[in-house]
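Residues per chain are reported as follows:
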Amino acid sequence: MAKLVAVWGSPNSGKTTFAVKLASAIYSEYNSTVMLVCPDMETPTLPVLFPNAKRDDLSSIGAALAKTEVTKDDVIRQTVSIKGMQNFGVVGFKDGENKYTYPQFDETKVRMLFTALSDIGQVILVDCTSSLSNPISSYAVKNADEVIRIAAPTLKSVSWQSSQLALYADPAYKLERQIQGLNVPDGELYMPVEEARAHISDIRFSVPYCREVKRQMTEGKLWQGVKDKEFSKKFRALVEKVV
Ligand SMILES: Nc1ncnc2c1ncn2[C@@H]1O[C@H](COP(=O)(O)OP(=O)(O)OP(=O)(O)O)[C@@H](O)[C@H]1O
Ligand SMILES: [Mg+2]
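These notes cover the structure that comes with them. In this text, all values refer to a predicted model and were calculated from it rather than measured experimentally.

Reading the values: rules and limits
- Residues numbered from 1 in each chain as written.
- Chains lettered and ligands numbered in written order.
- Predicted model: local features only at pLDDT ≥ 70, side-chain atom pairs only at ≥ 80, totals over all residues.
- Heavy atoms only, no water.
- Helix = DSSP H or I, 4+ residues; strand = E, 2+ residues; numbered from the N terminus.
- Rg over C-alpha atoms; globule rule 2.2 N^0.38 Å.
- Buried < 20%, exposed > 50% of the residue type's maximum accessible area, 1.4 Å probe, protein only.
- Contact = heavy atoms within 4.5 Å.
- Areas by Shrake-Rupley, 256 points an atom, 1.4 Å probe, with all protein chains shown as cover.
- Salt bridge = Lys/Arg side-chain N within 4 Å of Asp/Glu carboxyl O.
- Pairing = 2+ DSSP bridges.
- Axes fitted to C-alpha atoms, helices over the stretch in contact; angles between N-to-C directions.

### Observations concerning the overall build of the protein
A count of helices and strands for the protein gives 10 helices and eight strands. In terms of overall dimensions, the protein is globule-like: its C-alpha atoms have a radius of gyration of 17 Å, near the 18 Å expected for 243 residues. The dimensions of the protein, computed from C-alpha atoms along their principal axes, are 50 × 40 × 35 Å. Within the span of the protein, comprising 243 residues, buried residues form 54% of the whole. Considering only contacts in the protein between residues 6 or more positions apart, those separated by 24 or more positions represent 76%. When the accessible surface of the protein is totalled, it reaches about 12200 Å², and 48% of it is carbon and sulfur.

### Focus: the pattern of salt bridges
This model, assessed by the stated rule, comprises five salt bridges. What you see here is one network of salt bridges that share partners, running through Lys 67, Asp 74 and Arg 77.

### So, the sheet that holds strand S2 (residues 34-38)
Spatially, S3-S4-S2-S5-S1-S6-S7-S8 is the arrangement adopted by the eight strands of the open sheet, whose pairing is mixed. Unpaired on one side and paired on the other, strand S3 (80-82) and strand S8 (203-207) mark the two borders of the sheet. Strand-to-strand, the axes of this sheet are offset by a mean angle of 25°, without reference to chain direction. Bridging between S2 and strand S4 (residues 85-92) involves five bridges; their strand directions are parallel. Residue pairing for S4: Leu 36 is matched across the bridge by Val 90. Lying on the sheet, helix H10 (residues 229-242) is in contact with strand S1 (3-9), strand S6 (146-151), strand S7 (179-183) and S8; it crosses S8 at an angle near 145°.

Read these as layout, nothing more, since geometry by itself doesn't imply function.
As structure tokens, then:
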């Protein structure tokens, strides 16, 4: 069985950045087949991760979900690959798409998608949307072997935690088992890390701000390694924790 890891948390806390860096670290440390799933249909992630790709060079997982059966072959066909990274695939939505682009899909379809994904990859990493009204994110948080919940040291992140976690009190979401992390997504502004620690309980790890990572995101190069030793060390340690 493939290992399913969900990255979830407050808006703009660095979930996508974290998910890509963790997926890349797992890929290189364990030499495994890794599938990164980006289910956001409000701000499709593929055009953000691949800013230099033409729209037609990318494929959309919506096309696989639109069929009666979600097959392994269809998922492979709709997987975006990265030059130089064999056995690493990204599935998500394309530029211009939204929740009305494809017929609505329910949990049965989502389950079929994850069955197909686990036939393809050894590790499946889901960059969940903050709102679990997204059915792929909701399935991932409920069924993941590990859920990593990201917060940032900002008032918005604290406000999100305090408002939204109450919505997911149902044991199906396994809130108490989730691994809480604190990510610092900005280096220009003062980030009240210590104050945030007082408001966000049970922080198990923290990720520092890394200027190189910020630049990588704007250049579509998040897949590449970083020279920053502190940052890389964090991810190596996390790989051991979750895989
Ligand atoms: N540790 C970090 N070091 C430097 N920059 C970071 C770090 N984490 C996140 N960022 C930057 O912060 C911004 C928000 O990150 P990201 O898009 O990953 O957040 P998100 O939680 O996925 O947002 P959304 O809720 O919109 O999906 C981006 O510009 C990203 O490059
Ligand atoms: Mg994101």
